[in-house]
Amino acid sequence: MDKSATDHSRMLSQMKADYQALSSTLSALAQSQFPPQAIKVLRKFPASEAAAYLGITPRYLALSADEMGLEIEKVGRGERRFYSLEQMNQIRQYLAKKAGDDRTKALNYDPRRREDDDVQILACSNFKGGSAKTCTSVHLAQYLALQGYRVLLVDLDPQGSASSMLGVVPELIPEDESLFAAIRYQDAKPLSEVVKKTYFANLDLAVGSPFLTEWEFFAPHYATLAGQEEPGIRNRIADIEDEKRQKGITNARLRALDEELARENAALSECLQRKLYFTRLQLAFEDVEPDYDVIICDTPPSLGYLSNAASFAADHLLVTIHPQWIDCESMAQYLATSIAHNEFFEETVAKQLGPEYLVPKTLQYLITRHDNTSRPETDVVAMLRSQLRNVLTNTMLRSSAIAEAGNVQQTLYEAERSNFNGKTYDRALDSVNKVNGEIEDMLKSYWGRS
């Protein structure tokens, strides 16, 4: 064995040893922090906060709860009321029902989409790490759930950071219970069988896990094989259709040809699903669309097969930008690569399936981790607003409160204000709420609501 091969073998040996050491340590740490039996619990909300989410006064909130006969937690001598999110949702639906035929009023209480509204799919994307994609995705998902929407958070990152934020340890999730099970090419499961309920009412999770790296690896392989199989299938279909048009064909033979044609068309459909890998996620979503108002995809920090699948499935692409010049250079590269990929997707779908399968999409930019006291960052923000269209008016500010909450795998919506400097927490929460409110308004506009 020559020296280069020996060195390579040593590198692999060291890599394997390092992996075993690190993974066992992380697994032990995960078991101690999140034992399999542990259940993350959402705090209850004081009356003032619960009433603000419902858009009513604390007095009317208490009156409604009493009318419904809800058992509300009361604390202290003054009997301060605290409401669970489940109770808040019950009150929402109660008030919407009381609104009767006043559709606008009913929607203010219960904003879930109606039967004639389509589910909306939003993908949070950028191929550079550190742009706060996961922080944005999880905060948005929880905000919408607090507003009364039914939300599915889809964690497409093999690292599973969004799943961890929601109390799930990706490394401990079996393959059949992860998102990978719903998009894999062999023995795929319906997404509805994979989705997990969370401790956050109205918010479900499709768990990201290391298994997703296998899909990144095998997707091009299966797409290539399907491209090789497709001509043969199409030729067999053409031959069957030619024979069916011949004169004097017997009824028995015609029935046999119809059965054969059905099999070949099914084979073609399956072949195209493998060839058009970027439609894989969209097809998986069809199984759960009736159950949700909004589906949010947290994509990995790359522009690979998983990110492309999310981008194709999405009605709205939300690109997060950290306002630094080096991140802007990365953004330019991201856009150039995305243009090439999406032009290919559109051309391929129009040719293979028909132009009716192409649906309009929106592109929005969100400035994240913004220090608005920094003059250089302010200059970058001004430049981005002058050069890019559809930059959200509000920015997500950089805040120690967001970082500290994240260190214990919480969002600002879960964390207790008393654990932070009050002014810092309020400022951060106001920033996050304004961003999420702007996105919510965009979703409402899509449904034709003012």
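Here goes a summary of the coordinates provided. Just so it is clear, the structure is predicted and the values come from calculations on it, not from any experiment.

Definitions and cut-offs
- Residues numbered from 1 in each chain as written.
- Predicted model: local features only at pLDDT ≥ 70, side-chain atom pairs only at ≥ 80, totals over all residues.
- Heavy atoms only, no water.
- Core = buried A, V, L, I, M, F, W, Y, C linked by side-chain atoms within 4.5 Å.
- Buried < 20%, exposed > 50% of the residue type's maximum accessible area, 1.4 Å probe, protein only.
- Helix = DSSP H or I, 4+ residues; strand = E, 2+ residues; numbered from the N terminus.
- Contact = heavy atoms within 4.5 Å.
- Pairing = 2+ DSSP bridges.
- Expected span 1.5 Å × (residues − 1).
- Bend = angle between axes of the 7 residues up to and from the residue.
- Polar contact = N/O pair within 3.5 Å; in protein donor to acceptor, adjacent residues only side chain to side chain.
- Phe/Tyr/Trp six-rings, centres within 6.5 Å; stacked < 30°, edge-to-face > 60°.
- Lys NZ or Arg CZ within 6 Å of the ring centre and 35° of its normal.
- Disulfide = S-S within 2.5 Å.

### Here we look at the nonpolar core
Line of reasoning, step 1. Core analysis: the biggest nonpolar cluster contains 66 residues, and Tyr83, Leu144, Leu153 and Ile296 have the highest contact counts within it.
Line of reasoning, step 2. When residues in this core are grouped by element, the largest group, eight residues, is from helix α16 (residues 422–446).
Line of reasoning, step 3. Every residue in contact with tyrosine 83, bar those within four places of it in the chain, is listed here: Lys44, Phe45, Ala47, Ala50, Leu61, Ala62, Ala65, Ile72, Met88 and Ile91.
Line of reasoning, step 4. In this structure, Val195, Ile367, Val381 and Leu384 belong to the second largest nonpolar core, which totals 52 residues.

### Section: the pairing of strand β4 (residues 120–125)
Line of reasoning, step 1. Of all six residues in β4, six are buried, a share of seventy percent or more.
Line of reasoning, step 2. Of the two faces of β4, the one lined by Gln120, Leu122 and Cys124 and the one lined by Ile121, Ala123 and Ser125 are each fully buried.
Line of reasoning, step 3. As judged from the four bridges shared by β4 and strand β9 (residues 316–321), these two strands associate in the parallel manner. Each bridged residue has a counterpart across the sheet, and for serine 125 the counterpart in β9 is valine 319.

### Re helix α9 (residues 212–244)
Line of reasoning, step 1. Helix length check: α9, at 33 residues, gives a terminal C-alpha distance of 44 Å against a target of 48 Å (1.5 Å per residue), a fit within 8%.
Line of reasoning, step 2. By the largest-angle criterion, phenylalanine 218 marks the main kink of α9, which is about 35 degrees, and a proline, proline 220, follows within four residues.
Line of reasoning, step 3. If you check which residues of α9 are buried, you get Leu212, Trp215, Ala219, Tyr222, Ala223, Ala226, Glu230, Ile233, Ile237 and Ile240.
Line of reasoning, step 4. Looking at the packing, one finds that the buried side of α9 touches β5 (151–155), α8 (180–183), α10 (251–275), α11 (280–285), α12 (305–313) and α13 (325–352).

### Quick word on the sheet that holds strand β2 (residues 73–75)
Line of reasoning, step 1. If you walk across this open sheet you meet the three strands as β1-β3-β2, and the pairing is antiparallel. If you trace the sheet from one side to the other, it starts and ends with β1 (45–46) and β2, each paired once.
Line of reasoning, step 2. Relative to strand β3 (residues 80–83), β2 is paired through three bridges, and the arrangement is antiparallel. Each bridged residue has a counterpart across the sheet, and for lysine 74 the counterpart in β3 is arginine 81.

### Details of the environment of aspartate 287
Line of reasoning, step 1. Along the polypeptide, aspartate 287 turns up in the loop between α11 and β8 (294–298).
Line of reasoning, step 2. Accessibility expressed as a relative area gives 34% for aspartate 287, which makes it partly exposed.
Line of reasoning, step 3. On a C-alpha basis, the gap between aspartate 287 and isoleucine 240 in space is 32 Å, while along the polypeptide they are 47 residues apart.
Line of reasoning, step 4. Apart from the residues lying within four places of it in its own chain, the contact partners of aspartate 287 are Pro190, Leu191 and Ser192.
Line of reasoning, step 5. Only 3.4 Å separates the side chain of aspartate 287 from the backbone nitrogen of leucine 191, close enough to count as a polar contact.

### Describing α16
Line of reasoning, step 1. With 25 residues, α16 ought to run about 36 Å at 1.5 Å a step, and its terminal C-alpha atoms sit 36 Å apart, in line with that.
Line of reasoning, step 2. A side-chain oxygen of the first residue of α16 lies 3.1 Å from the backbone nitrogen of lysine 423; this N-cap is asparagine 421.
Line of reasoning, step 3. Just downstream of α16 lies glycine 448, where phi reads positive at about 80 degrees.

### Overview of the packing of aromatic side chains
Line of reasoning, step 1. Under the definition given, this model contains 19 aromatic pairs.
Line of reasoning, step 2. Ring centres of tyrosine 143 and tyrosine 413 lie 6.3 Å apart, and the angle between their planes is 45 degrees; on these two criteria the pair is classed as tilted. Taken together, the positions of tyrosine 143 in helix α6 (residues 133–146) and tyrosine 413 in the loop between α15 (400–407) and α16 put the pair 270 residues apart, joining distant regions of the chain. The same class applies to tyrosine 143 and to tyrosine 413, which are both buried.
Line of reasoning, step 3. One aromatic cluster in this structure is built from Tyr185, Trp215, Phe217, Phe218, Tyr222, Tyr277, Phe278, Tyr305, Phe312, Phe344 and Phe345.
Line of reasoning, step 4. The positively charged end of lysine 361 is found above the aromatic ring belonging to phenylalanine 312, 5.4 Å away from the centroid.

### Some points on the sheet that holds β4
Line of reasoning, step 1. Spatial strand order, β6-β7-β5-β8-β4-β9-β10: seven strands in an open sheet with mixed pairing. With one partner strand each, in any of the chains shown, β6 (196–197) and β10 (362–367) form the two edges of the open sheet.
Line of reasoning, step 2. With five bridges connecting them, β5 and β8 associate as parallel partners. Bridge assignment links leucine 153 to a residue of β8, and that residue is isoleucine 296.

### As for the state of the cysteines
Line of reasoning, step 1. On inspection of all chains with the given rule, the structure shows zero disulfides.
Line of reasoning, step 2. Considering cysteine sulfurs only, cysteine 124 is the nearest to cysteine 135, which forms no disulfide, with 9.5 Å between them.
Line of reasoning, step 3. What makes cysteine 135 partly exposed here is its relative accessible area of 23%.
Line of reasoning, step 4. Free cysteine cysteine 297: the closest other cysteine sulfur is in cysteine 124, separated by 10.0 Å.

### Thoughts on unusual backbone geometry
Line of reasoning, step 1. Residues other than glycine seldom take positive phi values, yet arginine 369 does so here, at roughly 50 degrees.
Line of reasoning, step 2. Among the secondary structure elements, arginine 369 is positioned in the loop between β10 and α14 (375–387).

Everything listed is a geometric property; what it means functionally is a separate question.
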